[in-house]
Amino acid sequence: MRALPDQQLKKRRRPPGRRRTEPFWRLLFPPRCLLCRRLLAAASPVPLCGGCRALFTPAGLFCPRCGKELLSGQPCSCAPEILPLRGLFALSRYEGPWRQMLHRFKFGGERALARPLGNWLGRLLEEETGWQPELAVPVPLHRRREEERGYNQSFLLARFTAEALGIPLQPLLVRPEAAPAQSSLSYRRRLENVRGAFLYRGKPYPGKRALLVDDIYSTGATMQEAATVLHRRGLIVFGAAAAYTPRLS
Ligand SMILES: [Zn+2]
Ligand SMILES: [Zn+2]
């Protein structure tokens, strides 16, 4: 049989740990409802049981500049094209049971939530946006904070979002210093706090469409700063999150 040229081999390669580990994960973590943990039918396309679907408020596209929720395909009137972030997509608003579930994911050590969350985020993104990202970039945590927590929830989320989209995971950003936790600061302080927080590390990908992934989009300061760093390196950046906080206007 003729060997494939390097280039083709590279294209076929899946993100690390993809197919090989799936049966193992399936056995350990049979699909459960994200909110109430009830067992689901293996083929369920939505990781929520019937009862919890009624509690779930789907989000979708929203404006990276003014935070307004957008109907698919309709650009916002506030001229968001001046920002390095071309678009934003979230699974749901950061409220109610969805907020509690993300709290378990972020602070409660429930890293197994990453797979159903990330896979669902990737699938919906593919169905509802025309972005066609070529690589996924997680918003990094400072190493010290990641060591305390044992994992970076955004990295895990990005890994499984990339898996669903069939694109590589590229951790192109690093966070060299531990800034105070964003949630403890006012909006203005959050913007100052993240300025210069990220460094680009790795191969250049000029002109590539990158999907920047974070667990929660609240003021947007973190994701805007991360997008700016990628944008300066020539990447076209879209943002995705498991939840977002609607901006009060
Ligand atoms: Zn449920
Ligand atoms: Zn807007």
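Our subject is the structure listed above.
For the structure given in this document, a descriptive report is provided here. All values reported here derive from a predicted model rather than from experimental measurement.

## Things to note about the pairing of strand β2 (residues 85-93)
1) Next: Most of β2 is tucked away: seven of the nine residues are buried.
2) Next: Pairing geometry for strand β1 (residues 58-62) and β2, over four bridges, is antiparallel. Looking at the pairing, Gly60 lines up with Ala90 of β2.

## Remarks on the sheet that holds strand β7 (residues 236-244)
1) Next: Strand order in the open sheet formed by five strands is β1-β2-β7-β6-β3, with mixed pairing between adjacent strands. Whereas interior strands pair on both sides, the edge strands pair on one side only; in this sheet they are β1 and β3 (135-138). With strand direction ignored, the average angle separating the axes of adjacent strands in the sheet is 20 degrees.
2) Next: Strand direction decides the pairing type here: β2 and β7, joined by six bridges, are parallel. Residue pairing in the sheet places Ala90 in a bridge with Ala241 of β7.

## With respect to the nonpolar core
1) Next: Grouped together as the largest cluster of nonpolar side chains are 61 residues, with contacts concentrated most on Ala90, Val137, Leu212, Leu230, Ala242 and Ala243.
2) Next: For this core, the two domains that each supply at least three residues are domain 1 (22-56) and domain 2 (58-244).

Conventions and cut-offs
Residues numbered from 1 in each chain as written. Chains lettered and ligands numbered in written order. Predicted model: local features only at pLDDT ≥ 70, side-chain atom pairs only at ≥ 80, totals over all residues. Buried ≥ 20, exposed ≤ 12 C-beta atoms within 10 Å, placed from the backbone. Helix = DSSP H or I, 4+ residues; strand = E, 2+ residues; numbered from the N terminus. Pairing = 2+ DSSP bridges. Axes fitted to C-alpha atoms, helices over the stretch in contact; angles between N-to-C directions. Core = buried A, V, L, I, M, F, W, Y, C linked by C-beta atoms within 7 Å. Domains from an automatic or database assignment.

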